[in-house]
Amino acid sequence: MTGIARPVLRGLLAVLGVVVAVVFLPVAFGVMPQRVFDAGCTASQTLGSSFFCYGFLWNTVTTGVFIGIMGPVIGMFLVHREMALIGETLAHTAFAGVAFGTLLLGVSGWDVRLLVVAIVVAVVGALAVQWLVDRTGSYGDVPIAIMLTGSFAVGTLFIDLGGGFAFVDINSYLFGNISITDDRSVTLMAVLLFAVVGVVSVAYRPLVYITFDEQTATAVRFNVRGYNALLIVLTALVIVGAMQILGVILVAAMLVVPVAAASMLASGFKDALYIAVLIGVGSVLAGIGLSWTYSLRPGATIVVVAIGVYLLAVTVSGSERFT
Amino acid sequence: MSTTLDVENVTFSYTGRPAVDEVSFSIDDGEFFGLVGPNGSGKTTLLKLLLGILQPDSGRIRLFGEPIESHDAGERIGYVPQQSTRRGQTMPLTVREVVAMGRYPHKSFGRFRAKDNTAVDEALQTVDISSVAHRRFSQLSGGQQQRVLLARAVAAKADLLALDEPTVGVDAEARESFFELLNRLNDKGMTTILIDHDLGTVIEHADRIAAMNRSLSYLGPAAEFEPTTLSSAATAVGSPAGSRRRSPQSQPQNTSR
């Protein structure tokens, strides 16, 4: 690998792993002792901020860290298959899911968890994208554009049918919201984290092979169609999770930008994947911090920070190997 | 001698347009088999059918003695596709990571065993690319990239190696060294199917040749193949009738192996 020494990278990842296991997973599953929150609040106040004195911000940071890990893990496979816009498309499909949830709320008053509805609709949308791709034979512009605009159009109709914006703050889903994640959402995010990281760890080799050389992967009898469907469904899960903080419009950046930056810095796929995760988590944490401090929208702040890291990577690497 | 591939009356069409029409032949174990023909004659389509990438509309293909549709021994296949079909030019992948892919069909999940790592090391040495093992694949020249893909097939310990225009855009020196390597692998028993734009190269290296123009227009020993019978192919390939191309009469004995 170039620029960044492998032992330093592995060390940083180990630290991240320990922090996730000791801090963020207990927060996500609601088993963190109260005294840790109190200690966090005290430490935060000592530094002149009340950031960690708010319970919802613990949820936000936890969700953000999970997004920072999951986004690049899936993004590595999407970006290098030239499927970066799939993330954006699925975000719009998930938006249709949220809108469908508002319709259910408006019509029947059911207590529908919007996130769960969004996940179901996004997965269905993901399979529809895969079907279109199989039928048209490529991840070309046309099926992507049709799905992207089509699902946004359907979502908008659902909102109108469900009584407009009366039942949910759609603006939060479009642009992201730092306080949108409640206790149940963050638990769901932890489950998604396990699912995404677990599946990618197990299916890593077939996914890398198919990403690099789909024809040969077919010749050596990998189930290419099955793995493609798996990848796109996992993407839908990540997108719905990340949509809460980043918003529909900016969510794809978390799948693309850290990967683009990491691909400038590393020679190998695994190293690039690890660097992308560190950049993803770093960008989310810095973005949330800046967003809170300066009352900015979290999604936009995170994306701008990540793009700053990308530009730094371009400068440091001095290479044109990835654009 | 047993048969690696047995093709019987295979037909394939792209949306009604026939690309391969009633093709039959077989390839013996250890044979070096050349596929030639003009552009659009169905060579690549036929190769994809032989590897199971495409399914024939009709006819029967047996690979390693089993029907291709039920055949699952992916680890016995090595494939060097046309350069344009790969995405490696933007992907961060070290040479070693690409070669290690040869072991993936053997070991799709779980940790690599010692024999997987040994096979990768040996493949890097066989193809003489150990010195660039930790370099980025996309930074190598076209010729070196093709050698890396050959090493991937060596690491797989493939019994069948299929190559589709492997040396397009590769300079003459690298091309010669590539084919030397290919001959060595074939001598060790790796059955080889080669599509190449240079008719002379195929005649020089192959034991037998199949000339395609949707159906087979020639099937027989390379030494007896008369390039003029494939005038359209000779025009399409556009390769100069220079030193590399040899007439069957001038073919040295040792090239028909």
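For the structure itself, consult the block above.
Below: a short report on this structure.

Reading the values: the criteria
Residues numbered from 1 in each chain as written. Chains lettered and ligands numbered in written order. Predicted model: local features only at pLDDT ≥ 70, side-chain atom pairs only at ≥ 80, totals over all residues. Helix = DSSP H or I, 4+ residues; strand = E, 2+ residues; numbered from the N terminus. Buried ≥ 20, exposed ≤ 12 C-beta atoms within 10 Å, placed from the backbone. Contact = placed C-beta atoms within 7 Å. Nonpolar A, V, L, I, M, F, W, Y, C, P; charged D, E, K, R; others polar. Expected span 1.5 Å × (residues − 1). Axes fitted to C-alpha atoms, helices over the stretch in contact; angles between N-to-C directions. Parallel < 35°, antiparallel > 145°, perpendicular 65-115°, else oblique. Left-handed = near helix turned anticlockwise from the far one by under 90°. Pairing = 2+ DSSP bridges. Core = buried A, V, L, I, M, F, W, Y, C linked by C-beta atoms within 7 Å.

## Considering the overall build of chain B
Then comes step 1: Along chain B, the regular secondary structure elements total seven helices and ten strands.
Then comes step 2: Taken across its 257 residues, chain B has 46% of its residues classed as buried.
Then comes step 3: Considering only residue pairs separated by 6 or more positions, chain B has 70% of its internal contacts joining residues 24 or more positions apart.

## Focus: the overall build of chain A
Then comes step 1: Looking only at helices and strands, one finds 14 helices and zero strands in chain A.
Then comes step 2: Of the regular secondary structure in chain A, the N- to C-terminal order runs α-α-α-α-α-α-α-α-α-α-α-α-α-α.
Then comes step 3: Expressed as lengths along the three principal axes of its C-alpha atoms, the size of chain A is roughly 60 × 55 × 35 Å.
Then comes step 4: A burial count over chain A gives 50% of its 323 residues as buried.
Then comes step 5: A fraction of 77% describes how many contacts in chain A between residues 6 or more apart in sequence connect residues 24 or more apart.

## Considerations on the interface of chain A and chain B
Then comes step 1: Facing the 24 residues of chain A at the interface are 29 residues of chain B.
Then comes step 2: Taken together, the elements giving at least two residues each to the side of chain A that touches chain B come down to helix H9 (204-212), helix H10 (214-219) and helix H13 (269-294) of chain A.
Then comes step 3: For the side of chain A that touches chain B, the element with the highest residue contribution is H9 of chain A, accounting for five residues.
Then comes step 4: Of the residues contributing to the side of chain A that touches chain B, the split by class is ten nonpolar, eight polar and six charged.

## Section: helix H8 (residues 183-202) of chain A
At 3.6 residues per turn, the α-helix brings residues three or four places apart onto the same side.
Residues and elements named next belong to chain A.
Then comes step 1: Under the 1.5 Å per step criterion, the end-to-end length of H8 is 29 Å for 20 residues, consistent within 8% with the ideal 28 Å.
Then comes step 2: All buried positions along H8 are accounted for by Val186, Leu188, Met189, Ala190, Leu192, Leu193 and Val196.
Then comes step 3: Looking at the buried side of H8, the elements it contacts are helix H1 (6-28), helix H3 (55-79), helix H5 (114-136) and helix H11 (224-246).

## A look at unusual backbone geometry
Residue and element names in this part refer to chain B.
Then comes step 1: One non-glycine residue with positive phi stands out, namely Asn9, at about 50 degrees.
Then comes step 2: Mapped onto the fold, Asn9 is located in strand S1 (residues 3-14).
Then comes step 3: Owing to 12 C-beta atoms within 10 Å, Asn9 belongs among the exposed residues under this scheme.
Then comes step 4: Phi at Glu22 is positive, roughly 50 degrees, even though this residue is not glycine.
Then comes step 5: On the secondary structure map, Glu22 appears in strand S2 (residues 17-28).

## A short note on the packing of helix H12 (residues 252-265) of chain A against H13 of chain A
Residues and elements named next belong to chain A.
Then comes step 1: In the contact formed by H12 and H13, the axes pass within 8 Å of each other and the chain directions differ by 130 degrees. The orientation of H12 relative to H13 falls into the category oblique. Crossing angle aside, the handedness with which H12 passes H13 is right-handed. Facing Met254, Pro258, Val259, Ala261, Ala262, Ser263 and Leu265 of H12, the residues of H13 in contact are Ala272, Ile275, Ala276, Ile279, Gly280 and Ser283.

## A few points about the packing of H8 of chain A against H11 of chain A
Between two packed helices, what matters for the description is the angle formed by their axes and the separation of those axes.
Residue and element names in this part refer to chain A.
Then comes step 1: At a closest axis distance of 10 Å, the pairing of H8 and H11 adopts a crossing angle of 150 degrees. Viewed along their axes, H8 and H11 adopt a mutual orientation that is roughly antiparallel. The element H8 and its partner H11 pack so that their crossing is left-handed. Counting all contacts with H8, which are made through Ser185, Met189, Leu192, Ala195, Val196 and Val199, the residues of H11 involved are Leu230, Leu234, Leu237, Val238, Gly241 and Gln244.
Then comes step 2: Across the contact of H8 with H11, the residue classes break down as nine nonpolar, three polar and no charged.

## Here's the deal with the sheet that holds strand S4 (residues 58-63) of chain B
Two modes of strand pairing occur in sheets, parallel and antiparallel, and in both the strands are linked by backbone hydrogen bonds.
Residues and elements named next belong to chain B.
Then comes step 1: Spatially, the four strands line up as an open sheet ordered S2-S1-S4-S5, and their pairing is antiparallel. Lying at the two open borders of the sheet, with one neighbouring strand each, are S2 and strand S5 (66-67).
Then comes step 2: Relative to S5, S4 runs antiparallel, the two being bridged by two bridges. Looking at the pairing, Leu63 lines up with Glu66 of S5.

## Looking at the nonpolar core
All names here are of chain A.
Then comes step 1: Counting residues in each nonpolar core, the largest one holds 180 residues, and the members touching the most others are Ala94, Ala122 and Ile239.
Then comes step 2: Per-element tally for this core: the top contributor is H3, with 14 residues.
Then comes step 3: When near neighbours in sequence (up to four residues on either side) are disregarded, Ala122 contacts Leu90, Thr93, Ala94, Gly97, Ala236, Ile239 and Val240.

## A word on the pairing of S2 of chain B
Regular strands show a simple pattern: their side chains alternate between the two faces of the sheet.
Then comes step 1: In terms of strand pairing, S1 of chain B meets S2 of chain B through eight bridges, oriented antiparallel. Bridge assignment links Val7 of chain B to a residue of S2 of chain B, and that residue is Phe25 of chain B.

Honestly, it's all geometry; don't read function into it.
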